[in-house]
Every structure is written in C-alpha cells, then in structure tokens.
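Chain by chain, the residues run as shown.
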Amino acid sequence: MTCAERLFLAEVRLRMGCQEGKPLDLGFVQVKPDLDCGGVPVEVECVERAHYGLGQALAYKYAVGKAALVVIAEEVSNPLRNFLAWASQLGIDVYVYVGGEVIQLFYKAPSTQ
C-alpha cells in the first residue's frame, strides 16, 4: 500500500473528534503530535511506517504520560495485529484506520480502584 498520512489526517481528525496537535516539550527538544484528542497526543502513521509512529507516540507518552497511535491500513494482518498488541502493552492506545473507519484495538477499561 502506498500511503501518505496527510491524505487521511483530516478524516481521522474528524472521526476521532480531535484538534491539530500542539508542541510538547521533552526538556531537550519539542515534538509535535499530529492530533490532540482530549489531551491525548496522537500520532497518525501509514502501516509501512507504523514503527516510526510508535517511536513518536512513546516520546509523547514520556512528555505527558499518555499517547495514542493510529495506523492507516488496508487490512489488519496478523503481523500488524501482533505489533500493535505489543505497542499497547507499552501503554499506547492503539487504533487502526481501515475502510474509512477508526477502530480502537485492545481497549482497556479504566480502573475502578
């Protein structure tokens, strides 16, 4: 799949109810997420660059304690699902944009304790 995230960014922003991301300070450099969804910085990345997106999402998590990754894909293959499951174990909220829909994977209910 040849993909350019900029072609999907407005649609993902609309479907998730987000705003344009604002710069975050890591103390030694500023980073800018693609989106801000209710205070959660979100990186949107095409499937062939999902590993870069995860690195960026980890930087956002370092800055504010939470982050999300949206991967644009034609389908969610088993290898992609395995990678995203691993990413979710790092505390990153994981979504896929497939067929015009944003779908959250590996949803964790908030703790009631």
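As shown above, the structure is provided for reference.
Description of the structure in this document. (Residues numbered from 1 in each chain as written. Predicted model: local features only at pLDDT ≥ 70, side-chain atom pairs only at ≥ 80, totals over all residues. Heavy atoms only, no water.)

What to know about the pairing of strand β7 (residues 93-98)
For a regular strand, the rule is simple: side chains alternate between the two faces of the sheet.
Moving on, step 1. Burial analysis of β7 places five of its six residues in the buried class, the great majority of the element.
Moving on, step 2. In this structure, strand β6 (residues 68-72) lies alongside β7, joined through five bridges in parallel fashion. Of the residues in β7, the one forming a bridge with alanine 68 is aspartate 93.
Moving on, step 3. Each parallel crossover has a hand, and the one from β6 via helix α3 (residues 78-89) to β7 is right-handed.
Moving on, step 4. Following β7, the chain reverses through two residues before pairing antiparallel with strand β8 (residues 101-105); glycine 99 in that reversal takes a positive phi of roughly 60°. (Buried < 20%, exposed > 50% of the residue type's maximum accessible area, 1.4 Å probe, protein only. Helix = DSSP H or I, 4+ residues; strand = E, 2+ residues; numbered from the N terminus. Pairing = 2+ DSSP bridges. Right-handed = clockwise from strand over helix to strand, strands pointing away.)

Description of the pairing of β6
Moving on, step 1. Among the five residues that make up β6, five are buried, leaving the element largely enclosed by the rest of the structure.
Moving on, step 2. Of the two faces of β6, the one lined by Ala68, Val70 and Ile72 and the one lined by Leu69 and Val71 are each fully buried.
Moving on, step 3. At this point the chain moves from strand β5 (residues 40-46), through helix α2 (residues 50-64), to the parallel β6, and the crossover so formed is right-handed.

Function-wise, these values are silent; they only describe arrangement.
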